[in-house]
Amino acid sequence: MYYLLPFQKGYLVNWDIERQVWDYMFGKDVLKVDFNETDIIVTEPYFNFSTTQEAMNEILFEEYQFKSALRTNPSFLSQYKYSREQPQKPFCTLVVDTGYSFTHIVPYYKEKKLVENIR
């Protein structure tokens, strides 16, 4: 048995395989996406490579033609949800993001990520 993965250690390394996954997911058999009318949110690794970010923008906008895209880290979405659910806004938030290859500890101060303090 032989298979290829588009990701290695949390980083997208094989766009050809990822396109096959996206083509299936966005296609007529699953989500039936009308790209011109669709916004997309994509989570990406902390400290993602700029070449990967540029390639993703090119694919999302030029190949698929999404209306808009938000690329963000998972901790931002967690922190955003938590801060919106609290009646009193938290002054500081600490998100521990544990995944398959990495664990990141991400501090937020007044809803702003402190990039220099991510561990």
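Predicted model, so just to flag it, every value in this text is computed and none were measured.

About the thresholds
- Residues numbered from 1 in each chain as written.
- Predicted model: local features only at pLDDT ≥ 70, side-chain atom pairs only at ≥ 80, totals over all residues.
- Heavy atoms only, no water.
- Pairing = 2+ DSSP bridges.
- Helix = DSSP H or I, 4+ residues; strand = E, 2+ residues; numbered from the N terminus.
- Salt bridge = Lys/Arg side-chain N within 4 Å of Asp/Glu carboxyl O.
- Buried < 20%, exposed > 50% of the residue type's maximum accessible area, 1.4 Å probe, protein only.
- Contact = heavy atoms within 4.5 Å.
- Axes fitted to C-alpha atoms, helices over the stretch in contact; angles between N-to-C directions.
- Expected span 1.5 Å × (residues − 1).
- Arc of directions from axis to C-beta.

Chemist: Teacher, can you tell me more about the pairing of strand β6 (residues 103-109) here?
Modeler: The side chains of a regular strand alternate between the sheet's two faces. Alignment of strand β5 (residues 92-98) against β6, held across seven bridges, turns out to be antiparallel. Residue pairing for β6: Thr93 is matched across the bridge by Tyr108. Linking two consecutive strands that pair antiparallel, namely β5 and β6, is a turn of four residues. By the bridge criterion, two bridges tie β6 to strand β7 (residues 112-113) in an arrangement that is antiparallel. Each bridged residue has a counterpart across the sheet, and for Tyr109 the counterpart in β7 is Lys112. Between β6 and β7, which follow one another and run antiparallel, lie two residues, and Lys110 among them has a positive phi close to 50 degrees.

Chemist: Would you mind going over the pattern of salt bridges with me for this structure?
Modeler: Close approach of charged atoms allows side chains with opposite charge to pair. Considering all chains together, one arrives at five salt bridges under this definition. Among the ionic pairs, Arg71 bridges to Glu44, the shortest N-O distance being 3.1 Å. Taken together, the residues span a long stretch of sequence, with Arg71 in strand β4 (residues 68-72) and Glu44 in the loop between β3 (39-43) and α2 (50-63) at a distance of 27 residues. Residue Arg71 is classed as partly exposed on the basis of its relative accessible area of 24%.

Chemist: Explain the sheet that holds β7 here, please?
Modeler: The strand order across the open sheet formed by three strands is β5-β6-β7, and the pairing between neighbours is antiparallel. Every interior strand has two partners, whereas the edge strands, β5 and β7, have only one. Packed onto the sheet, helix α3 (residues 74-85) meets β5 and β6 and runs at close to 135 degrees relative to β5.

Chemist: Can you help me understand α2 in this one?
Modeler: Note on helix geometry: an α-helix contains 3.6 residues per turn, so any two residues three or four positions apart are oriented the same way. Compared with the 20 Å implied by 1.5 Å per residue over 14 residues, the 19 Å span of α2 between its first and last C-alpha is a close match. All buried positions along α2 are accounted for by Thr52, Met56, Ile59 and Leu60. Buried positions in α2, seen along its axis, are confined to an arc of 90 degrees and lie on one side of it. Those residues of α2 that are exposed and angled more than 90 degrees off the buried face are Thr51, Glu54 and Glu62. On its buried face, α2 sits against β2 (11-12), α1 (15-26), β3 and β4. Positive phi shows up at Gln65, right after α2, with a value of about 60 degrees.

So, to be careful, I would describe these as geometric facts and stop short of saying anything about function.
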